[in-house]
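If you want the building blocks of each chain, they are given just below.
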Amino acid sequence: CLCEDTALEGGPCLISDHQMCVDGDSGMLYVFGGRIISTSTYSGLYAYNLQTGLWKSLRGDPGVDCGPEGLPSRIGHAMVMHPEEQRLLVFAGVRNDFEQEHTFRTLHSYDLQSDTVLLLSTSDSMVIREDNADDESQLVFCPEGGTQRAVLDSELNELYVMPGTSTDVSHQLERPRNYFWIYNLTKQSWKCVYRNESYASPDSHQKEIVPRPRFAHQLVYDSVNKVHYLFGGNPGCNFERLDDLWMFKLHRYSRQELLRKCIVQLRLARFQHIAAHDSIQALHYMQGDLNSVIDHSDKEEVRDLHRSAAHLFSSPTSTDRGCQQAEETDEKRLYGLRSELFGKIAGFFPERMSQPRHSLVELLPLSI
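Chains are numbered independently. Their residues run from 1 in the order of the written sequence. Per-residue local features of the predicted model are confined to residues with pLDDT of at least 70, and side-chain atom pairs are confined, for both listing and counting, to 80 or more; whole-chain, interface and lining totals are unaffected and use all residues. As a convention, hydrogens and water are excluded, and side-chain values are obtained from all of the structure's heavy atoms.

Undergrad: Got a sec to walk through the packing of helix H1 (residues 255-275) against helix H2 (residues 279-293)? Specific residues and values, please.
TA: A fitted line through C-alpha atoms represents every axis, and for helices the fit uses only the stretch in contact; the resulting angles, taken between N-to-C directions, go from 0 to 180 degrees. Working definition: helices are DSSP H or I runs of at least four residues, strands are E runs of at least two. Numbering for both runs from the N terminus. Relative orientation of the contacting elements H1 and H2 amounts to 175°, with a least axis distance of 9 Å. In this view, H1 runs roughly antiparallel relative to H2, as classed from their interaxial angle. Taken together, the residues of H2 that come into contact with H1 (itself represented by Arg260, Ile263, Val264, Arg267, Leu268, Arg270, Phe271, Ile274 and Ala275) are Ser279, Gln281, Ala282, Tyr285, Met286, Asp289, Leu290, Ser292 and Val293. Gly is placed with the polar residues, together with every amino acid not listed as nonpolar (Ala, Val, Leu, Ile, Met, Phe, Trp, Tyr, Cys and Pro) or charged (Asp, Glu, Lys and Arg). Residue composition of the contact of H1 with H2, grouped by class: 11 nonpolar, three polar and four charged. Throughout, the term roughly parallel applies to angles under 35 degrees, roughly antiparallel to angles over 145, roughly perpendicular to angles from 65 to 115, and oblique to all others. Pairs of residues are marked as contacts when any of their non-hydrogen atoms sit within 4.5 Å.

Undergrad: Outline the sheet that holds strand S20 (residues 227-233), supporting the account with residue identities and numerical values.
TA: A sheet is described by the order of its strands in space; here three strands give the open sequence S19-S20-S21, paired in antiparallel fashion. The strands lining the two open edges of the sheet, one partner per strand, are strand S19 (218-222) and strand S21 (242-248). On average, adjacent strands in this sheet sit at an angle of 15° to one another, irrespective of strand direction. Two strands make a pair as long as DSSP finds a minimum of two bridges between them.

Undergrad: Account for the nonpolar core, naming residues and giving values.
TA: Proteins that are soluble and globular tend to have nonpolar side chains buried together. Nonpolar core, defined: a set of buried Ala, Val, Leu, Ile, Met, Phe, Trp, Tyr and Cys residues in which side-chain atoms within 4.5 Å join the residues together. Only protein chains enter the accessibility calculation, which uses a 1.4 Å probe; a residue whose area is less than 20% of its type maximum is buried, one above 50% is exposed, and one in between is partly exposed. In terms of nonpolar packing, the biggest core is built from 20 residues, with Leu89, Phe91, Leu107, Leu159 and Trp190 touching the most fellow members. Within the residue set of this core, elements represented by two or more residues are strand S7 (78-82), strand S8 (87-91), strand S13 (149-153), strand S14 (158-162), strand S17 (178-184) and strand S18 (189-196). If you tally residues by element for this core, the top one is S17, at three residues. Beyond its immediate stretch of four places on either side in the chain, Leu89 contacts Ala78, Met79, Val80, Leu107, His108, Ser109, Leu120, Leu152, Leu159 and Leu185. Counting residues in each nonpolar core, the second largest holds 14 residues, with Cys21, Tyr30, Leu71 and Val90 among its members.

Undergrad: Break down the sheet that holds S14 for me, with residues and values.
TA: Read across the sheet, four strands follow the order S13-S14-S17-S18 without closing on themselves; strand pairing throughout is antiparallel. On the outer flanks of this sheet lie S13 and S18, each paired with one strand and no other. Here the strands of the sheet are splayed against their neighbours by 20° on average, with no regard to which way each runs.

Undergrad: Go over a nonpolar patch on the surface, please, and point to the residues and values.
TA: Patch membership is restricted to residues that have no salt bridge and whose relative accessible area is over 30%. Joining uses 9 Å for like charges and 5 Å for the nonpolar side chains Val, Leu, Ile, Met, Phe, Trp and Tyr. Computed with a 1.4 Å probe, the accessible areas rest on the Shrake-Rupley method; for each residue, only the protein chains presented here act as cover. Here a salt bridge means any side-chain nitrogen of Lys or Arg lying within 4 Å of a carboxyl oxygen belonging to Asp or Glu. A contiguous nonpolar surface patch, about 510 Å² in accessible area, is contributed by Val220, Tyr229, Phe231, Leu245 and Met247. Taken together, the elements giving at least two residues each to the nonpolar patch come down to S20 and S21.

Undergrad: So what's going on with the pairing of strand S2 (residues 19-23)? Residues and values would help.
TA: Sheet topology note: the S2/strand S3 (residues 28-32) ladder contains five bridges and is antiparallel. What sits directly across from Asp23, in S3, is Met28. Between the end of S2 and the start of S3, which pair antiparallel, lie four residues, with Gly27 showing a positive phi angle near 70°.

Undergrad: Explain H1 to me, using residue names and the numbers behind them.
TA: The span you would expect from a helix comes to 1.5 Å times its residue count less one. The terminal C-alpha atoms of H1, which comprises 21 residues, lie 30 Å apart, in line with the 30 Å expected from a rise of 1.5 Å per residue. Three or more residues of H1 are buried, namely Lys261, Cys262, Val264, Gln265, Leu268, Ala269, Phe271, Ile274 and Ala275.

Undergrad: A description of the pattern of salt bridges should follow, citing residues and the corresponding values.
TA: When the charged atoms of two side chains with opposite charge come close together, those side chains can pair. Enumeration according to the criterion identifies 14 salt bridges in this entry. In this structure, Arg95 and Asp97 form a salt bridge, with 2.8 Å as the shortest nitrogen-oxygen distance. Overall, Arg95 belongs to the buried group, its relative accessible area being 5%. Residues Arg260 and Glu301 are paired through a salt bridge, measuring 2.9 Å at the closest nitrogen-oxygen approach. One end of the pair, Arg260, is in helix H1; the other, Glu301, is in helix H3 (residues 299-314), and 41 residues separate them in sequence. Through salt bridges that share partners, Arg260, Lys261, Asp298 and Glu301 make up one connected network.

Put into structure tokens, the structure is as follows:
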């Protein structure tokens, strides 16, 4: 046991729901926040030297009205260590003072060398914008959650956050959502790269290749192989708990690869249009123009190619169906084909450059 009673040795009191991280290079351990059990107040920021075994109080609790240069104590937050820049990053959290709950919609940076606090991002002032958006409507901020988890890639200078639970548009319901946000510390910008808001029964997810929405989960990051690991959690379904383990890796497309993927979608749509009128011409098009842009190491693209071949030999052409029926359905089919193509290509662009991707159902108040 390194320390039987941290409070007697200058460390934090008996606390709960705090956050802790370690800097292996300097041999320092940091503890921030948490509720003090005996007084129901909040604990500050402490450092523990793993070599000397000494505690040091870095900052006390300044309260919620401390201004942008203060670091209010809290619970339910996320904290990570940036070893290269020697600073702590603290995201979100809540506190309850005299039955008045305060929710932190902020990302703070604490410099360990200069003992200074910097407010990097906040949803209140909306100072962060996505990419290079020119209008104020495109300012974004990662929504706080009840059990947010955060990890850091110091090499890429990126913070990854999974909020867990979040409040819907009407602010009337808190439910688990799988959101994955990236905060670029260099560009000082947030970006949501993954969403999953499906609330179907567990049986319907057995064949899914994505994890169910959850909270109270754990998230760790392998910075060497650039792989995230997600384990367990609460799906928000009665007394059900999850014991599944997932791994996922972010893939960043180059401009050349994005261009090729757009061309693939264009030629897939072109193939379907030709196949509806001339099977022989469609076969030559598939073997030549379409096959030439397919990445045969990509299972999804190969599957689309195989589906195109199956579609070619299973669907009758317009000449087989008769001219009158073809004229009645061709215009409607072409409209649907182009709409689907537009949606697929728009998915490669930022939300500010494409049509809304959120469900319109979320915009309706629950009282209706």
